[in-house]
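Residue-level structural notes
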Amino acid sequence: MIGNFPFVAVIMLIALGMYSLMFKKNLIKIAIGLTLLEGGVNLFLITLGYRKGGVAPIYTMAPEGVKMVLPTPQALCLTSIVIGVATTALVLSIAMILYKQYGTIETDEIRRLRG
Amino acid sequence: MIGEMSRIVRTMTNIIFGFIVVFGFYVIAHGHLSPGGGFQGGAIVASAFALLLVTYGTEVIQQYIAKDLLSVIESTGLILFGSFGFLGISATYFYNIVANSGGLFGSPTVIGVNPGDLNTSGTIALMNIAVGLEVLAALGVIVLTMSAAAEIIQNKEKS
Amino acid sequence: MKKPIFILAFIFFAAFMFMAAIDMRPFGEPARSEMDDYFIENAQVQASSNNVVTSIVFDYRGFDTLGEGTVLFTAVIGIVALFREVAK
C-alpha cells in the first residue's frame, strides 16, 4: 500500500526545481532546475495514467487477461521529453555564448558588469 | 575536450561503439513491436556519437563525421515524415492506408496477444525510420556544434 | 531585500502543492478512460500495430508528432545560428 506517495514524489521534484529556479544565480544550476521541473511534470503525466496492476500497452508477448495502463499520457510524455531536450540544448548554448562574452555565468555579476 | 583519453577508454570505445549503433537501429526498426521507436532509437545512436566525441576529442572526430551530411540527413528525415503522411491523402492526412493491404509492411496483424511480425503496421514503420533518421542527425548536430564551440572558447581563453 | 518575499512565496507554493497531492484521487484509478480503452481495443485493427503507444504517436495524433519534429528542427537551426559567430 503506497497510497498517494507517487504524487508526493512529483511535488518534491517540482519544488526542488522551483527552488533552484528562484534562489540560484548560476546559469548551469538554473538549467538543472528546468530539467528537474520538466521531469516532475512528465512523472505527473505518467502517474495520472496508471491503472492498478496494469502492464505496458504493447501486445507483443503480453500476459493474458491483464489490464493495460492508459497509452495517451505516455504518448504525450514522449512529445514532452523531446521538446525538453531541444529547450535544454538551447539554454546551455546561450549560457556558453554568455560565458564567452562576459567570462562568467553568474547572473548578478553579468548584470553588474553591464552597469 | 582536450585531446584523447587513455588507451583503456579508447579500446573499450572501439569495441562498444558498433554495438550501440546496431542496438539503436534495432530499436528504430522494431518500433511498432517492442518498447521504443524513432525518437528513442535516434537518441541511442546520438549517444554513440557523444561517446566518440568524449573519447577522441573534437578535432579528430570532425575529420570523420561531416556535420553538413548530418544536416542533410535531418532535413531528409523531416521531409520523408511529412510525405509519408500524404500517402493516405485520399481519406485524411496521416491516414494509415498501407496497413492490411499486403505488400511492404502491409500484412494484417493477428488480433490479440501474438509474438509479433516485423512486416505489419503500414506507414507506422516507415514513419519510425524517417523520424529515427531525423532525431539521430539532429542530436548529432547539436553535440558536434556545442563541442566544437567549447573547444574554440577554451582555446581563446588560453591565448 | 527581495529574499524574504521569495522564501515566503516558495513556502506557500510548496505547501499548497503538498496539500493538493495529499487530497488527490487515489493512485492507480484513472477517473475517465473511455478514449484510452477505445485506443487499446482498436489499435490492432485500425493501425495494425502491436505497440499502442506508437500507433497513437504516429497515427491517431500524427499532427502532434509533425509539430514535435518541427520544434526539434528549429532548435537545431537556432543552435547552429548562435554558434556561427563563435566559429569565426
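Everything here concerns the structure above.
Residues numbered from 1 in each chain as written. Chains lettered and ligands numbered in written order. Predicted model: local features only at pLDDT ≥ 70, side-chain atom pairs only at ≥ 80, totals over all residues. Heavy atoms only, no water.

**Structural notes on the overall build of chain C**
From N to C terminus, chain C includes 4 helices and 0 strands. Beginning at the N terminus, the succession of helices and strands in chain C can be written as α-α-α-α. Over its C-alpha trace chain C gives a radius of gyration of 23 Å, far above what one expects of a compact globule, namely 12 Å for 88 residues. Relative to its full complement of 88 residues, chain C shows a buried share of 39%. (Helix = DSSP H or I, 4+ residues; strand = E, 2+ residues; numbered from the N terminus. Rg over C-alpha atoms; globule rule 2.2 N^0.38 Å. Buried < 20%, exposed > 50% of the residue type's maximum accessible area, 1.4 Å probe, protein only.)

**Some details on the overall build of chain A**
For chain A, the helix and strand inventory stands at 4 helices and 0 strands. Its helices and strands in sequence order give chain A the pattern α-α-α-α, from N to C terminus. Here the C-alpha radius of gyration of chain A, 19 Å, is well above what a compact globule of 115 residues would show, namely 13 Å. Overall, chain A is about 70 × 30 × 15 Å in size when its C-alpha atoms are taken along their principal axes. Counting only contacts in chain A whose residues sit at least 6 apart along the sequence, the fraction spanning at least 24 positions is 47%. Within the structure as shown, chain A displays about 6100 Å² of accessible surface, and the carbon and sulfur contribution to it stands at 69%. Averaging the positions of the 10 positive and the 5 negative side-chain charges in chain A gives two centres separated by 5 Å. (Contact = heavy atoms within 4.5 Å. Areas by Shrake-Rupley, 256 points an atom, 1.4 Å probe, with all protein chains shown as cover. Lys, Arg positive; Asp, Glu negative; His and termini not counted. Charge placed at Lys NZ, Arg CZ, Asp CG, Glu CD.)

**Overview of the side chain of Thr104 of chain A**
Residue and element names in this part refer to chain A. With respect to the helices and strands, the residue Thr104 is situated in the loop between helix 3 (71-102) and helix 4 (107-114). From its side chain, Thr104 meets the backbone nitrogen of Glu106 in a polar contact 3.2 Å long. Not counting chain neighbours up to four residues away, the residues in contact with Thr104 comprise Leu98, Tyr99, Glu109, Ile110 and Leu113. (Polar contact = N/O pair within 3.5 Å; in protein donor to acceptor, adjacent residues only side chain to side chain.)

**Looking at the interface of chain A and chain C**
Contact residues are listed per partner, giving 44 residues for chain A and 42 residues for chain C. Counting each side, the surface lost to burial between chain A and chain C is near 3900 Å², with a carbon and sulfur contribution of 76%. Interface area lost by chain A to chain C is led by Ile11, Phe23 and Tyr59 of chain A, which between them contribute 15%. Here Arg51 of chain A makes a salt bridge to Asp37 of chain C, at a shortest N to O gap of 3.0 Å. Taken together, the links from chain A to chain C amount to 11 residue pairs in polar contact (both at pLDDT 80 or more). Elements with a contribution of two residues or more to the side of chain A that touches chain C: helix 1 (5-23), helix 2 (27-48) and helix 3 of chain A. Considered class by class, the residues forming the side of chain A that touches chain C number 33 nonpolar, 8 polar and 3 charged. (Buried area = accessible area lost by both parts, 1.4 Å probe. Salt bridge = Lys/Arg side-chain N within 4 Å of Asp/Glu carboxyl O. Nonpolar A, V, L, I, M, F, W, Y, C, P; charged D, E, K, R; others polar.)

**Here we look at the layout of surface pockets**
As a volume, the largest pocket reaches approximately 300 Å³. Together, 19 residues line the largest pocket, and Gln74 and Leu78 of chain A, Gly36 and Gln40 of chain B together with Val53 of chain C are the ones closest to its centre. Among the elements of the structure, helix 3 of chain A, helix 2 (38-56) of chain B together with helix 3 (52-60) of chain C are those that each provide at least two residues to the lining of the largest pocket. Within the lining of the largest pocket, the residues separate by chemical class into 12 nonpolar, 7 polar and no charged. (1 Å grid on protein atoms, 1.4 Å probe; cavity = no way out; pocket = protein on both sides within 12 Å on 5 of 7 lines; lining within 4 Å. Points joined across faces, edges and corners; volume = space filled by probe spheres on them.)

**Details of unusual backbone geometry**
Phi at Met61 of chain A takes a positive value of approximately 55°, unusual for a residue other than glycine. Assessed through its relative accessible area of 62%, Met61 of chain A is described here as exposed. Phi at Ser48 of chain C is positive, roughly 60°, even though this residue is not glycine. With respect to the element layout, Ser48 of chain C can be found in the loop between helix 2 (34-46) and helix 3.

**Details of the interface of chain B and chain A**
Taken together, the contacts link 18 residues of chain B with 15 residues of chain A. A combined buried area of about 1300 Å² lies between chain B and chain A, and 74% of that area is made up of carbon and sulfur atoms. When the area that chain B buries against chain A is broken down by residue, the three leading residues are Val113, Met146 and Ile153 of chain B, summing to 39%. At the junction of chain B with chain A, the criterion picks out 3 residue pairs in polar contact (both at pLDDT 80 or more). Those elements that provide at least two residues to the side of chain B that touches chain A are helix 2 and helix 5 (123-158) of chain B.

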